[in-house]
Amino acid sequence: FIDEIELYPERQEDGRILKQLHLGFPVFYEGSEGDTIRLLKQNTVETCVLLGLKDVDEYIYIDYEPDHHQKKRGRATYQQIKEYVMNTHGLHVSSLDIAQIKDKCGFEKRDNYNKGKEGHRVPICTPEKEQAIMDAFKHFNML
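Residues numbered from 1 in each chain as written. Predicted model: local features only at pLDDT ≥ 70, side-chain atom pairs only at ≥ 80, totals over all residues. Heavy atoms only, no water.

Engineer: What is the right way to look at the packing of aromatic side chains in this model?
Structural biologist: Aromatic ring pairs are defined here through the distance separating the ring centres and the angle between the ring planes. On inspection of all chains with the given rule, the structure shows two aromatic pairs. Measuring from ring centre to ring centre gives 5.2 Å for Phe 107 and Phe 137, while their planes differ by 55 degrees; the resulting arrangement is tilted. Note that Phe 107 is positioned in the loop between helix H3 (95–105) and helix H4 (127–139) and Phe 137 in helix H4, a separation of 30 residues in sequence. Accessibility assignment for this pair places Phe 107 and Phe 137 in one class, buried. (Phe/Tyr/Trp six-rings, centres within 6.5 Å; stacked < 30°, edge-to-face > 60°. Helix = DSSP H or I, 4+ residues; strand = E, 2+ residues; numbered from the N terminus. Buried < 20%, exposed > 50% of the residue type's maximum accessible area, 1.4 Å probe, protein only.)

Engineer: Got a minute to help me understand the packing of helix H2 (residues 78–89) against H4 in this structure?
Structural biologist: In a pair of packed helices, the angle between the axes and the distance between the axes together describe the arrangement. Contact pair H2 / H4: the axes reach a minimum separation of 9 Å and the direction vectors enclose 115 degrees. With respect to each other, H2 and H4 are oriented roughly perpendicular. Seen along the crossing, H2 lies across H4 with a hand that is right-handed. Two secondary-structure elements touch here, H2 through Ile 81, Tyr 84, Val 85, Thr 88 and His 89 and H4 through Ala 132, Ile 133, Asp 135, Ala 136, Phe 137 and His 139. Counted by class, the contact of H2 with H4 contains seven nonpolar, three polar and one charged residues. (Axes fitted to C-alpha atoms, helices over the stretch in contact; angles between N-to-C directions. Parallel < 35°, antiparallel > 145°, perpendicular 65-115°, else oblique. Left-handed = near helix turned anticlockwise from the far one by under 90°. Contact = heavy atoms within 4.5 Å. Nonpolar A, V, L, I, M, F, W, Y, C, P; charged D, E, K, R; others polar.)

Engineer: Just to check I follow, could you spell out the pattern of salt bridges for this structure?
Structural biologist: Taken as a whole and assessed by the stated rule, the structure comprises two salt bridges. Between Lys 129 and Asp 97 there is a salt bridge, with the nearest N and O atoms lying 3.7 Å from each other. Pair noted here: Lys 129 is in helix H4 and Asp 97 is in helix H3, with a separation of 32 residues, a long-range link. Lys 129 gets classed as partly exposed once you look at its relative accessible area, which sits at 23%. Given the relative accessible area of 8%, Asp 97 is considered buried. (Salt bridge = Lys/Arg side-chain N within 4 Å of Asp/Glu carboxyl O.)

Here you go:
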């Protein structure tokens, strides 16, 4: 993963010794993509992880998102999204429309206990409503 590590010739006043890392793959860092991380006058947090392989019958998926990313992502209720779409686009959207667009975006949703019967036709969200709902997602910082 790490191609090269550059160190300062002497320990810095703030105790740092690491100058920059050259990685073997691109990363998004300080607003752009590259393979070098420069650690000029920043405090950093390092993490060590021990990975092991076990013979198991069952695997679990762990979705980790650092706290600073969670705080940036917004949330809105279905009612807030409906009101925003009505006020800005003049369109009435249903909870079903919002749920379909959430599915397209890969958002997690709770189970709906008010499900229709199997074999019934489910209306599909129109492209116009889809764009309005996507605009609401952006407005509420959900995307």
